[in-house]
Amino acid sequence: MLYNPTLWNIYRRCDALPSKPHHMAIQIRDLQFFKMACHTVMRYHQRLLYNWMTGAQQEESHQIDVCGTSVSFDMNSRYLVIGQVDGQILVRIREDVALESQSHEMPELKLEGLQSGIRCVRLNEENILVCGGAQGVVQIWDVSLRKLIKRFTEKQADSIEHVEFYNKILITGSSMQESDQGRVTIWNMGNLPQILLKGEILFPSQKIFGLALDDKHIIVLVGKAPLFEIQIRLTRDPLILLHSMHYPSHTFSGFHCHVGFVAAGSDDGKIRIWDVGTGKCKRILLRPSHDTGPFWLRFNSKFLVTNSSRGIGIWNFKEAVNPFIHPCVRLHCCSFRACSSSQSDPWHFQMDAFEIVRFEHQLDAGMLPDLPGIYRGKSFIIRHQFLTQ
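Presented here is an overview of the structure given in this document. No experiment lies behind these values; they were computed from the predicted model shown. (Residues numbered from 1 in each chain as written. Predicted model: local features only at pLDDT ≥ 70, side-chain atom pairs only at ≥ 80, totals over all residues. Heavy atoms only, no water.)

**Observations regarding the overall build of the protein chain**
The secondary structure content of the protein chain amounts to four helices and 29 strands. Excluding contacts between residues fewer than 6 apart, the proportion of contacts in the protein chain whose partners are at least 24 apart in sequence is 47%. In the structure as shown, the protein chain presents an accessible area of about 19,900 Å², 52% of it carried by carbon and sulfur atoms. (Helix = DSSP H or I, 4+ residues; strand = E, 2+ residues; numbered from the N terminus. Contact = heavy atoms within 4.5 Å. Areas by Shrake-Rupley, 256 points an atom, 1.4 Å probe, with all protein chains shown as cover.)

**Some points on the pairing of strand 5 (residues 88–93)**
The buried fraction of strand 5 is high, at five of six residues. Pairing geometry for strand 4 (residues 79–83) and strand 5, over five bridges, is antiparallel. Within strand 5, the position partnered with Tyr-79 by the bridge is Ile-93. In textbook terms, the turn of a hairpin is the stretch between consecutive antiparallel strands, and for strand 4 and strand 5 this stretch comprises four residues, one of which, Gly-87, has a positive phi near 90 degrees. Note that strand 5 and strand 6 (residues 109–112) share four bridges and pair antiparallel. Within the sheet, the bridge partner assigned to Ile-89 lies in strand 6 and is Leu-111. (Buried < 20%, exposed > 50% of the residue type's maximum accessible area, 1.4 Å probe, protein only. Pairing = 2+ DSSP bridges.)

**What to know about the packing of aromatic side chains**
Per the stated rule, a full pass over the model turns up eight aromatic pairs. Note on Phe-228 and Tyr-247: the rings are 5.9 Å apart at their centroids and 20 degrees apart in plane angle, and the pair reads as stacked. Taken as a pair, Phe-228 in strand 17 (residues 227–234) and Tyr-247 in strand 18 (residues 241–248) lie far apart in primary sequence, 19 residues in all. The class for Phe-228 is buried, based on a relative accessible area of 2%. (Phe/Tyr/Trp six-rings, centres within 6.5 Å; stacked < 30°, edge-to-face > 60°.)

**Description of the environment of Val-143**
Looking at where Val-143 falls in the secondary structure, it is placed in the loop between strand 9 (137–142) and strand 10 (147–153). Considering only alpha carbons, one finds Val-143 and Leu-129, 14 residues apart in sequence, at a separation of 6.6 Å. The residues contacting Val-143, other than those within four sequence positions of it, are Tyr-79, Val-91, Leu-109, Leu-123, Asn-127 and Leu-129.

**So, unusual backbone geometry**
Cis rather than trans, the peptide bond between Leu-192 and Pro-193 has omega equal to 10 degrees. By the secondary structure assignment, Pro-193 is in the loop between strand 13 (181–191) and strand 14 (194–204). Of note, the bond from Ala-225 into Pro-226 is cis; its omega dihedral lies within 30 degrees of zero at 15 degrees. Relative to the helices and strands, Pro-226 is located in the loop between strand 16 (217–224) and strand 17. A positive phi angle is found at Ser-205, which is not glycine, with a value near 60 degrees. Checked against the element boundaries, Ser-205 lands in the loop between strand 14 and strand 15 (207–213). Phi is positive for Val-259, close to 45 degrees, though the residue is something other than glycine. One can find Val-259 in the loop between strand 19 (255–258) and strand 20 (261–265). Of the residues examined, Val-259 reaches a relative accessible area of 43% and is grouped as partly exposed.

**Some thoughts on the pattern of salt bridges**
Tallied over the full model, the rule gives six salt bridges. Here Arg-122 and Asp-74 are joined by a salt bridge, their closest N and O atoms 4.0 Å apart. Of this pair, Arg-122 sits in strand 7 (residues 118–123) while Asp-74 is found in strand 3 (residues 72–75), placing the two residues 48 residues apart along the sequence. Each of Asp-74, Arg-122 and Glu-164 takes part in salt bridges that share partners, so that together they form one network. (Salt bridge = Lys/Arg side-chain N within 4 Å of Asp/Glu carboxyl O.)

Put into structure tokens, the structure is as follows:
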């Protein structure tokens, strides 16, 4: 990985700034010069964010043949797991994905997944993998041992669309058979391989678009166009509804929860950030006018990133939740188009403190898999690496 010491020193200095602003005596004699200086600082800030993403390094791995037009994938600090519609689970070591010299000798672990196809996967730092698929089937794997820990079926579920687990709690979001309603099911997985049903929540005439879980809260994104709702419930008693936030949108446009905040996008170009503890909206970010349409979003303690067909947008998340910056102040966004010419569907990606991993797919009608009616394409991983040591 390339290393820019100048940017790294700036990054370290900015990261160590105190949370409370210091009063400074500034004499402004030339207002025009002051405005030009502010514009220069803004443009430098944009360039700095851009360098964090592209100036360090950006690389594409060699192609990975994957069935279907979309995949479900997740990662931790060691593994990258890819769930396919043919029921196979590809497991790659993240370090090996980046080494071009070992591209032809890359170790590949294939786990036998679900015959009905994999719809969602989640992997934690203990290398425990949970997969959800059609017909309500859920599997729990130990990736490092290549061992299937548990397989069970959720009753009356048409498909498992979302899974999240934290400590000893597992939650699944599914659509019900022969009914227009969503369901969130809470499971106790503290004594694996035993799985105990803890409770369930039904959402009549609504679909589940996102789930999140931490030690205190269960966050559910439900809705039906043109109105979406984010519900915050207690983990110890999911029937208790703490906060409910509504926002208008005709399409699902991103949802993520992390470090005590939840963010969701809408088709009007707005990204709303709420405080999970209070349910109050902390800030509304505005996407650039040229960046329209559906997108996915994720954030960590430093950056909020959006990914769409037009490319990637980056905000400084520390500024977005800084109580000393007025909510009406429009924060700057660094946006740039992806280098790949393929279309990611549906622009799903993962990120950590070091890099963004985007999985893209190119259809190739000349390559047919064993499953009828589904094309096999050329899929590959785009890695946008943050500035690291």
